Amino acid sequence: VQRLTDHESRNGSFVDGARVQKANLHVGAVLRIGVSVFVVDRDDREVLPEIEVGTRDRLLGQSIGFADIRARLDELAVENGPVVVTGEPGTGKSLAAGHLHRASARSGQLAVVGCRGAGVPLSARDLVGEHDGPAGYFASALDGTLVLEEVDLLAPSLQELLADALDSGTFQPLGSDAKLPFNARIVASTSASL
């Protein structure tokens, strides 16, 4: 018997139309996770691992396609170039970005920035910080990974700041004459067509 466990996912898990936390799956069961719908179409008569939904910070898919995605993420993790992760809302773009960071050899932390903002758009100060003031996201991701969620919503002037930092490997905090090293790995995510 295949078993499904939902670990407090945002969109919920449904089996045959009923929201579930845990459920045994049977042949013909209709499974909806977020906006994806699956039908259990066979019973292999072997012990299968439990399906876990919503487990934070882990990629748990078992399909061939999912294994291909995980393998590609592992390949990209050892490289240093920027990565763009695209997909519909709720498909795990943030989990993929987190996996890239954890699978890399980067010693710094993972900094996640929502470019949509919380009603207040991002500013240059948010990215580069201020001399004698708070550090920006560029500094907080030093030797680590900076994830820019919904990068398509980043203002053109900030896109230019980001491109300059990527090209030169440096950035300049506001009010400073000195340039600082910029070596954060950029992972940009979007659900829009770029």
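Since we're looking at a predicted model, the values are computed, not measured. (Residues numbered from 1 in each chain as written. Predicted model: local features only at pLDDT ≥ 70, side-chain atom pairs only at ≥ 80, totals over all residues. Heavy atoms only, no water.)

A. Spatial organisation of the sheet that holds strand E5 (residues 30-33). Taken in spatial order, the 4 strands of this open sheet run E3-E2-E5-E6, and their pairing is antiparallel. Edge positions in the sheet fall to strand E3 (18-20) and strand E6 (36-39), since each has one partner strand and no second. Each neighbouring strand pair of the sheet contributes to a mean axis angle of 30°, computed without reference to strand direction. Relative to E5, strand E2 (residues 13-15) is paired through 3 bridges, and the arrangement is antiparallel. Along E5, the bridge assignment pairs Phe-14 with Arg-32. (Pairing = 2+ DSSP bridges. Helix = DSSP H or I, 4+ residues; strand = E, 2+ residues; numbered from the N terminus. Axes fitted to C-alpha atoms, helices over the stretch in contact; angles between N-to-C directions.)

B. Region of the structure containing the environment of Lys-93. With respect to the helices and strands, Lys-93 occurs in helix H2 (residues 93-103). Take Lys-93: its relative accessible area is 10%, and that puts it in the buried class. Remark: the alpha-carbon pair of Lys-93 and Ala-188, spanning 95 residues in sequence, is separated by 9.3 Å. In contact with Lys-93, not counting residues within four places along its chain, are Val-85, Thr-86, Gly-87, Glu-88, Glu-150, Ser-189, Thr-190 and Ser-191. (Buried < 20%, exposed > 50% of the residue type's maximum accessible area, 1.4 Å probe, protein only. Contact = heavy atoms within 4.5 Å.)

C. Up close: the side chain of Arg-185. Its place among the elements puts Arg-185 in strand E13 (residues 185-190). For the buried Arg-185, which has no salt bridge, the nearest side chain bearing the opposite charge is Glu-79, at an N-O separation of 5.5 Å. Only 2.8 Å separates the side chain of Arg-185 from the backbone oxygen of Leu-76, close enough to count as a polar contact. Once residues within four sequence positions are removed from consideration, Arg-185 is found in contact with Leu-76, Ala-77, Glu-79, Asn-80, Gly-81, Pro-82, Val-83, Arg-106, Gly-144, Thr-145 and Leu-146. (Lys, Arg positive; Asp, Glu negative; His and termini not counted. Salt bridge = Lys/Arg side-chain N within 4 Å of Asp/Glu carboxyl O. Polar contact = N/O pair within 3.5 Å; in protein donor to acceptor, adjacent residues only side chain to side chain.)

D. Structural detail: the environment of Ser-123. Inspection of the secondary structure puts Ser-123 in the loop between strand E9 (110-114) and helix H3 (124-128). Assessed through its relative accessible area of 28%, Ser-123 is described here as partly exposed. Sequence spacing of Ser-123 and Ser-157 is 34 residues, and the spatial spacing of their C-alpha atoms is 9.1 Å.

E. Expanded view of unusual backbone geometry. In the Ramachandran plot, Asp-132 falls in the positive-phi region, its phi being about 60° despite a non-glycine side chain. Mapped onto the fold, Asp-132 is located in the loop between H3 and helix H4 (137-140). At Glu-150, a position not held by glycine, the phi torsion is positive, near 55°. In this fold, Glu-150 is placed in the loop between strand E10 (145-149) and helix H5 (156-168). On the basis of relative accessible area, Glu-150 is assigned to the buried category, the value being 14%.

Purely spatial values, then, with no claim about function.
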